[in-house]
Amino acid sequence: MSTPLRLGTRGSALALAQSQQTADALTAATGRPVELVRIITPGDRSAAPVAQLGVGVFVSALRDALIADEIDFAVHSYKDLPTAVHPGLHIAAVPERQDPRDVLIARSGLTLAELPPGSVIGTGAVRRIAQLHALGLELQVTPIRGNIDSRIARVLGPEADLDAVVLARAGVARLGRTAEITETLDPMLMLPAPAQGALAVECRSGDADLVELLAALDHAPSRAAVVAERALLATLEAGCSAPVAAHAELAEGEDGDEIYLRGAVISPDGSRAIRLSRTGTPADAAEIGKALAADLLENGADTLLGSNA
């Protein structure tokens with residue numbers, strides 16, 4: 001059992017950080033050594049916007065390496081995974097989730113409300129762009145690519161050309177740069193992406209011993225929240241292409257733990273949004289997500305795309 005397990009990871013600073021943290025946690029829990037194996041993905045080679053590259057662009061090369069037995073398991077940012085189940089692969093663990101909220105990093109320590117009209121904010125997510133437009137703050141929003149360090153440099157670096165950027169708090173935290181956050185955005189203003197802040201630890205489904213070993217990393221409340229959010233997304237993908245946001249929280253209810261799931265579909269220009277919620281038990285996480293998606297569609301979610309035309 002002393003042979004190191006091969007953990008496949010992208011080569012970005014964030015991917016390496018979260019993979020190393022996962023490797024260290026697995027070794028601490030099981031005593032099994034882990035070595036990182038860097039995999040280059042098509043998304044790493046392209047400068048095109050993520051929305052154009054498509055879902056799974058950062059995941060496919062890692063999954064190919066798993067299927068080819070070049071690595072034993074992989075760590076993904078869960079929100080990067082396609083919602084369809086991959087035959088032959090299994091999400092063996094969802095470690096405890098980091099704070100799923102978005103954050104603002106702005107010049108001069110400003111908050112979102114303090115940014116003057118005309119300020120230029122950079123972000124790569126259509127979900128964030130739509131919600132920034134919806135706030136009606138007369139801000140200019142520009143799509144950007146690049147890793148977290150390069151995005152922050154566009155605000156705080158010597159060649160800064162933006163007034164602010166919006167990023168996932170989890171990624172900033174994993175890189176140890178939370179001191180540069182000027183505001184953590186309330187989900188009422190900026191509802192996160194489904195599964196934001198969560199990791200997916202994936203291996204081959206037929207590798208029973210490894211499935212059992214990796215289960216030591218699983219955090220049941222985090223898995224339930226992600227299952228609810230991803231079920232909402234999967235159901236909407238068939239009927240809606242507008243920006244989707246979701247956030248599930250677990251809280252103690254009168255009859256045990258409850259999931260409170262909020263979901264939103266926003267028109268790309270932010271002029272229209274449908275925001276609804278549902279509650280239920282963690283055991284029914286997937287059904288809660290599907291039901292909330294159905295509610296959103298019944299309220300016209302599938303009509304929002306293109307309402308900015």
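Up top is the structure these notes are about.
All of these numbers come straight from a predicted model, not from anything done at the bench. (Residues numbered from 1 in each chain as written. Predicted model: local features only at pLDDT ≥ 70, side-chain atom pairs only at ≥ 80, totals over all residues. Heavy atoms only, no water.)

Novice: How should the nonpolar core be read in this particular structure?
Specialist: Core analysis: the biggest nonpolar cluster contains 22 residues, and Leu-232, Leu-236, Ile-259, Leu-261, Val-265 and Leu-296 have the highest contact counts within it. Top element by residues in this core is helix H9 (residues 220-237). It accounts for six residues. In this structure, Leu-5, Val-75, Ala-93 and Leu-199 belong to the second largest nonpolar core, which totals 16 residues. (Core = buried A, V, L, I, M, F, W, Y, C linked by side-chain atoms within 4.5 Å. Buried < 20%, exposed > 50% of the residue type's maximum accessible area, 1.4 Å probe, protein only. Helix = DSSP H or I, 4+ residues; strand = E, 2+ residues; numbered from the N terminus.)

Novice: Please clarify how helix H4 (residues 60-67) should be interpreted in this entry.
Specialist: Residues three or four positions apart in an α-helix share a direction because the helix packs 3.6 residues into each turn. Looking at H4, one finds that the buried residues are Ala-61, Leu-62, Arg-63, Ala-65 and Leu-66. At the C-terminal side of H4, Asp-69 shows a positive phi close to 60°.

Novice: In this structure, what is going on with the sheet that holds strand S13 (residues 273-280)? I would like to understand it.
Specialist: Neighbouring strands of a sheet are bound in pairs by backbone hydrogen bonds; such pairs are parallel or else antiparallel. If you walk across this open sheet you meet the three strands as S11-S12-S13, and the pairing is antiparallel. Two strands close off the open sheet at either side, each with one partner strand: strand S11 (244-253) and S13. In this sheet, neighbouring strand axes are inclined to one another by 15° on average, regardless of whether the strands run parallel or antiparallel. Inspection of the sheet shows S11 paired to strand S12 (residues 256-266) by ten bridges, in the antiparallel sense. Bridge pairing in S12 places Val-244 opposite Val-265. Relative to S11, H9 is tilted by about 145°, and along the sheet it contacts S11 and S12. Relative to S13, helix H10 (residues 285-298) is tilted by about 150°, and along the sheet it contacts S12 and S13. (Pairing = 2+ DSSP bridges. Axes fitted to C-alpha atoms, helices over the stretch in contact; angles between N-to-C directions. Contact = heavy atoms within 4.5 Å.)

Novice: Sorry if this is basic, but what is going on with H10 here?
Specialist: Taking 1.5 Å of rise per residue, the 14 residues of H10 would be expected to cover 20 Å, and the 20 Å separating its terminal C-alpha atoms lies within 8% of that figure. Residues of H10 that are buried: Ala-285, Ile-288, Gly-289, Leu-292, Ala-293, Asp-295 and Leu-296. Relative to the axis of H10, the buried residues are bounded by an arc of 155° and lie together on one face. Looking at the buried side of H10, the elements it contacts are H9, S12 and S13. Count one or two residues on from H10 and you reach Gly-300, which has phi positive near 100°. (Expected span 1.5 Å × (residues − 1). Arc of directions from axis to C-beta.)

Novice: Just checking my understanding: could you explain the pairing of S13 for this structure?
Specialist: On a regular strand, each side chain points to the face opposite its neighbour's, so the side chains alternate between the two faces of the sheet. Of the strand pairs in this sheet, S12 and S13 are connected by eight bridges, and their pairing is antiparallel. Following the sheet pairing, Arg-262 is matched in S13 by Ser-277. The antiparallel hairpin formed by S12 and S13 contains six residues in its connecting segment, where Gly-270 sits at a positive phi of about 80°.

Novice: How do you make sense of the pattern of salt bridges when you look at a structure like this?
Specialist: Two side chains bearing opposite charge may form a pair once their charged atoms approach each other closely. Considering all chains together, one arrives at 19 salt bridges under this definition. Taking the shortest distance from any N to any O, the salt bridge between Asp-99 and Arg-169 comes out at 3.8 Å. In this pair, Asp-99 sits in the loop between strand S4 (89-93) and strand S5 (102-106) while Arg-169 sits in helix H7 (residues 169-174), placing the two residues 70 residues apart along the sequence. Residues Asp-149 and Arg-177 are paired through a salt bridge, measuring 2.7 Å at the closest nitrogen-oxygen approach. In this pair, Asp-149 sits in helix H6 (residues 148-156) while Arg-177 sits in the loop between H7 and strand S9 (183-184), placing the two residues 28 residues apart along the sequence. (Salt bridge = Lys/Arg side-chain N within 4 Å of Asp/Glu carboxyl O.)

Novice: Sorry if this is basic, but what is going on with the sheet that holds strand S10 (residues 199-204) here?
Specialist: Read from one edge to the other, the open sheet built from five strands follows the order S2-S1-S3-S10-S4, with strand pairing classed as mixed. Whereas interior strands pair on both sides, the edge strands pair on one side only; in this sheet they are strand S2 (34-38) and S4. Ignoring strand direction, the axes of neighbouring strands in this sheet form an average angle of 35°. Pairing of strand S1 (residues 5-9) with S2 involves five bridges; the strand directions are parallel. Across the sheet, residue Arg-6 finds its bridge partner in S2, namely Glu-35. Against the sheet, helix H1 (residues 13-30) makes contact with S1, S2, strand S3 (73-77) and S10, and its axis sits at roughly 160° relative to S2, the strand it touches most.

Novice: When you look at the pairing of S5 in this model, what are you seeing that I'm missing?
Specialist: Burial analysis of S5 places five of its five residues in the buried class, the great majority of the element. Side chains Asp-102, Leu-104 and Ala-106 of S5 all project onto a buried face; the interleaved residues Val-103 and Ile-105 project onto the opposite face, where all are buried too. Bridge count for S5 against strand S8 (residues 164-168) is five bridges, and the pairing is antiparallel. Each bridged residue has a counterpart across the sheet, and for Val-103 the counterpart in S8 is Leu-167. Across two bridges, S5 lies against S9 in antiparallel orientation. Note that in S9 the partner of Leu-104 across the bridge is Glu-183.

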